[in-house]
Amino acid sequence: MKKRSSYKLTQREYRFCYNYVNSGDVKRSAMAAGYKVDPEVVGNKLLQREDINSQVESLYTQKKKNLLYKACNGYEKLAFGTISDAIKLVYSDNVNLETIYKMDLFNIAEIKKPRDGSLEIKFFDRFKALEKLQQLDFCESQSNMSFYDAIENGLKSMKISETLS
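Numbers given to residues run from 1 along each chain, matching the order in which its sequence is written. Residue-level local features of this predicted model are given only where pLDDT is at least 70; pairs of side-chain atoms are given and counted only at 80 or more, and the full residue set underlies all totals for whole chains, interfaces and linings. Hydrogens and water molecules were not included; the side-chain quantities draw on all heavy atoms of the structure.

Draft legend 1. Looking closely at unusual backbone geometry. Even without a glycine there, the phi angle at D38 is positive, about 45 degrees. Assignment of secondary structure puts D38 in the loop between α2 (26-33) and α3 (39-47). Residue burial is assigned from relative accessible area. The probe radius is 1.4 Å, only protein chains are included, and a residue is buried under 20% of its type maximum, exposed over 50%, and partly exposed in between. Given a relative accessible area of 51%, D38 falls into the exposed group. Not every positive phi belongs to a glycine, and N94 is a case in point at roughly 50 degrees. Working definition: helices are DSSP H or I runs of at least four residues, strands are E runs of at least two. Numbering for both runs from the N terminus. With respect to the element layout, N94 can be found in the loop between α5 (84-91) and α6 (97-102).

Draft legend 2. Spotlight on helix α1 (residues 11-23). Taking 1.5 Å as the rise per residue, α1 with 13 residues should run 18 Å; its terminal C-alpha atoms sit 18 Å apart, in good agreement. Inspection of α1 places E13, F16, C17 and V21 among the buried residues, and these make up the whole buried set. The buried side chains of α1 occupy one side of the element, clustering within an arc of 125 degrees when seen end-on. The contact definition used throughout considers only heavy atoms, calling two residues in contact when any of these lie within 4.5 Å. If you follow the buried residues of α1, they end up packed against α2, α3 and α4 (50-80). Within two residues after α1, G24 carries a phi angle of roughly 75 degrees, on the positive side. Here, expected helix span is obtained from the residue count minus one, scaled by 1.5 Å. The arc under discussion is defined with respect to the helix axis, by the directions toward the C-beta atoms.

Draft legend 3. A look at the packing of aromatic side chains. Between the rings of Phe, Tyr and Trp (Trp by its six-membered ring), a pair exists once the centres lie within 6.5 Å; its type follows the angle of the planes, with under 30 degrees stacked, over 60 edge-to-face, and the other angles tilted. Summed over the entire model, instances satisfying the criterion amount to one aromatic pair. Judged by centre distance (6.0 Å) and plane angle (15 degrees), the ring pair of F16 and Y20 falls under stacked. With a gap of four residues between them, F16 and Y20 both fall in helix α1, about one helical turn apart. F16 gets classed as buried once you look at its relative accessible area, which sits at 0%.

Draft legend 4. A look at α3. Those residues of α3 that fall on the buried side of the exposure criterion are P39, G43, L46 and L47. Seen from one end, α3 has its buried residues packed into an arc of 95 degrees, which puts them on one side. Looking at the buried residues of α3, the elements they touch are α1, α2 and α4.

Draft legend 5. Region of interest: the packing of α1 against α2. In this analysis an axis means a line fitted to C-alpha atoms, helices contributing only their contacting stretch, and an angle means the value between N-to-C directions, from 0 to 180 degrees. In contact at an axis separation of 8 Å, α1 and α2 are set at 145 degrees when each is read in the N-to-C sense. Remark: the crossing between α1 and α2 carries right-handed chirality. Residues R12, R15, F16, N19, Y20 and S23 of α1 pack against V26, S29, A30, A32 and A33 of α2. When residue character is reported, Ala, Val, Leu, Ile, Met, Phe, Trp, Tyr, Cys and Pro are called nonpolar, Asp, Glu, Lys and Arg charged, and the others, Gly included, polar. Split into classes, the residues belonging to the contact of α1 with α2 amount to six nonpolar, three polar and two charged. Crossing chirality is assigned from the near helix's rotation relative to the far helix, an anticlockwise turn below a right angle marking it left-handed and a clockwise turn marking it right-handed.

Draft legend 6. Structural context of the side chain of R49. Within the secondary structure, R49 sits in the loop between α3 and α4. Residue class for R49 comes out buried when judged on its relative accessible area of 18%. There is a polar contact of 2.8 Å between the side chain of R49 and the side chain of D51. Here a polar contact is recorded for every N or O atom pair within 3.5 Å, except that within protein the pair must consist of a potential hydrogen donor and a potential acceptor, and residues adjacent in sequence are included only if both atoms are side-chain atoms.

Draft legend 7. Representation of the pattern of salt bridges. A pairing counts as a salt bridge when a side-chain nitrogen of Lys or Arg comes within 4 Å of a carboxyl oxygen of Asp or Glu. Scanning the model with the defined rule gives five salt bridges in all. With its nearest N and O atoms 2.8 Å apart, the salt bridge here joins R49 to E13. Taken together, the residues R49 in the loop between α3 and α4 and E13 in helix α1 connect sequence positions 36 residues apart. Each member of the pair, R49 together with E13, is buried. Linking R49 and D51 is a salt bridge whose minimum nitrogen-to-oxygen distance equals 2.8 Å.

Here you go:
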């Protein structure tokens, strides 16, 4: 009898691996993959196989890289993103929801509308975002920009935003 690890995973086994990486729940993962009879027992048996563990590890590593990439992009948007749509929002009268959905309001941490009818907008801290970017080795390897260049670009972006208001 040949070792099972020499075979390719079936579609159902791959779905189990994918669901397990995303949920961490053996029973739910097996059920989502289509194992109807004793899904928890089947899931635990699958996790004992070397080929399944290898696939789970590969998917988990890929998920971690994707998450790190998303975090890096988010911090870049916070550090260097524009606030022009927020300025438009402050100075606009009767903005409809469709217009708001089209605006880039990613850099906004909080919006308040006091009783006097004005609009208060609090932005995320650009310097904290720059510090986080520096801490992420992945981001540094993806970009040749030094930390000081990043601060300088952030300051330039802030100056441009200030001239808009």
